Amino acid sequence: MVRDTDSKTILTEMPRPANRKGLVIFFIAVFVATIFWLLRSFDQTYQAKIHFPISYLYSPDGLTLKKPLPDHLEVHYESTGWDIMKFKRFKRKKSIVLNLTQFAEQKSIKTSNLLISHLPEEIANIKFLLVSPEVLIMDFEKLIIKEVPIIHNLDIHFNSQYGLSGPVQIEPQTVVISGPESEVNKIQEIKTKFRDYKQLEAEINDQISLVDLSSKNISYSQKLFNLKIPVEQLSEGSLIIPISIPAGVRDTISLIPEKVTIKFHAAVSVFNSVSHFDFEPYIKLEDFNNASDEKIKVYCKLKEEYIYRVSIDPEYVDYIVIK
């Protein structure tokens, strides 16, 4: 180190060439040792686990699998580091593809043998410790196709003064399913996935899918369906309608009044078509038999589905027994 007392500047000597050369030689030695260590470690034997993909093509004519087969094999194996690396690279590029038409008469196949038959020669020395599942069961059953109705699974709520003007529509209304005969025959209808619609005040046009079935061996002809919820503003109306009396007491009692006023709400587009034929105010025979006073309750049966907020005036009427 040299100190300049006038400028008070401190100068540092550069490393000597001999020191730099020694440092380079040291790093080269470390690198070479690491390479030899890695090469030696790849020659050692290790245990490893891998998920090997497997897929299937073509079922025998008119048949299908009764139970689904796995989409991968869990493989526990032992080999050198070199073969493990090759096996993982092979797995990324390849998968086992089984043509099921070749197994119409064969009921099972051992998965370790299946793996061995698909390995290339350069990694054929792998030792399989455990393959799960150990056996693929080829259990075939008659394939059938069936058309079933779709049932919507919706919870619909409206803003005040709004409601349905017609039925909720799903197009198409049916779906074609296919699968094992024993499974398909149990299915009479299929529901859509649950969906909640709140505060509706306009028509909904949407797409909806079907619930996932417990059996993975059943397939749908399509996945998405068109959904229409016809929503309209409601209008209020009223009708005066005679009360229906049970046949057993029709000739022995007289109601006062004989008619009631039915108040209701209906969608604007159907409001003008609502008539007294859509309502049936009536009394129950059991209420008449158990009545403790001269009044009896009036009920109303709706014959049209899309009528809302129905009220009866009066709700109770007097009656007179005719002798």
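Given the structure is predicted, the values throughout are model-derived calculations rather than measurements. (Residues numbered from 1 in each chain as written. Predicted model: local features only at pLDDT ≥ 70, side-chain atom pairs only at ≥ 80, totals over all residues. Heavy atoms only, no water.)

(A) Representation of the overall build of the protein chain. In terms of helices and strands, the protein chain carries six helices and 27 strands. Classification of the 323 residues of the protein chain by burial places 30% in the buried group. The contacts of the protein chain with a sequence gap of at least 6 include a subset with a gap of at least 24, amounting to 73%. (Helix = DSSP H or I, 4+ residues; strand = E, 2+ residues; numbered from the N terminus. Buried < 20%, exposed > 50% of the residue type's maximum accessible area, 1.4 Å probe, protein only. Contact = heavy atoms within 4.5 Å.)

(B) Spatial organisation of the pairing of strand S10 (residues 140-151). Bridge count for strand S4 (residues 63-65) against S10 is three bridges, and the pairing is antiparallel. Opposite Leu63, over in S10, you have Lys142 as the bridge partner. The sheet contact formed by S10 and strand S15 (residues 190-191) spans two bridges and is parallel. The residue bridging Ile151 from the neighbouring strand is Lys191, located in S15. (Pairing = 2+ DSSP bridges.)

(C) Seen up close, the packing of aromatic side chains. Taken as a whole, this structure holds three aromatic pairs when the rule is applied. Relative to Phe279, the ring of Phe264 lies with its centre 5.3 Å away and its plane at 40°, an arrangement referred to as tilted. Highlighted residues: Phe264 in strand S22 (residues 259-267) and Phe279 in strand S23 (residues 279-282), separated in sequence by 15 residues. Assigned by exposure class, Phe264 and Phe279 land together as buried. For Lys301, the ring lying beneath its charged end belongs to Tyr282, and the centroid distance is 5.9 Å. (Phe/Tyr/Trp six-rings, centres within 6.5 Å; stacked < 30°, edge-to-face > 60°. Lys NZ or Arg CZ within 6 Å of the ring centre and 35° of its normal.)

(D) Expanded view of the sheet that holds strand S17 (residues 204-209). Read from one edge to the other, the open sheet built from three strands follows the order S13-S19-S17, with strand pairing classed as antiparallel. Edge positions in the sheet fall to strand S13 (169-171) and S17, since each has one partner strand and no second. For this sheet, the mean angle separating the axes of adjacent strands, direction not counted, is 30°. As paired strands, S13 and strand S19 (residues 224-229) are joined by three bridges and run antiparallel to one another. If you follow Glu171 over to S19, its bridge partner there is Asn226. (Axes fitted to C-alpha atoms, helices over the stretch in contact; angles between N-to-C directions.)

(E) Highlighting unusual backbone geometry. The peptide bond linking Glu171 to Pro172 adopts the cis configuration, its omega dihedral lying at -10°. Between Ile256 and the following residue, Pro257, the backbone shows a cis peptide bond with an omega angle of -5°. Mapped onto the secondary structure, Pro257 falls in the loop between strand S21 (253-256) and S22. Positive phi is not limited to glycine here, since Gln161 has a value of about 75°. Of note, Gln161 is situated in the loop between strand S11 (154-158) and strand S12 (162-164). Phi at Gln199 is positive, roughly 55°, even though this residue is not glycine.

(F) Structural context of the pattern of salt bridges. The full count for this structure, using the stated rule, is five salt bridges. The salt bridge partner of Arg195 is Asp206, with a shortest N-O separation of 3.0 Å. Here Asp206 lies in strand S17 and Arg195 lies in strand S16 (residues 195-200), a separation of 11 residues in the sequence. Arg195 sits in the partly exposed class, given a relative accessible area of 25%. (Salt bridge = Lys/Arg side-chain N within 4 Å of Asp/Glu carboxyl O.)

(G) Spatial organisation of helix H2 (residues 81-93). With 13 residues, H2 should reach 18 Å at 1.5 Å per residue; the first-to-last C-alpha distance of 19 Å fits that figure. Within the sequence span of H2, burial applies to Gly81, Asp83, Ile84, Phe87 and Phe90. (Expected span 1.5 Å × (residues − 1).)

(H) Expanded view of helix H3 (residues 111-118). Of the residues making up H3, those classed as buried are Thr111, Ser112, Leu114 and Leu115. Projected down its long axis, H3 carries its buried residues within an arc of 160°, all on one side. Those residues of H3 that are buried lie in contact with strand S3 (45-57), strand S5 (72-80), strand S6 (96-99), strand S7 (108-110), strand S8 (127-132) and strand S9 (135-137). (Arc of directions from axis to C-beta.)

(I) Region of interest: the pairing of S22. Bridge count for strand S20 (residues 231-242) against S22 is nine bridges, and the pairing is antiparallel. Note on S22: the bridge partner recorded for Gly237 is Phe264. Inspection of the sheet shows S22 paired to strand S26 (residues 307-313) by five bridges, in the antiparallel sense. Across the sheet, residue Thr261 finds its bridge partner in S26, namely Asp313.

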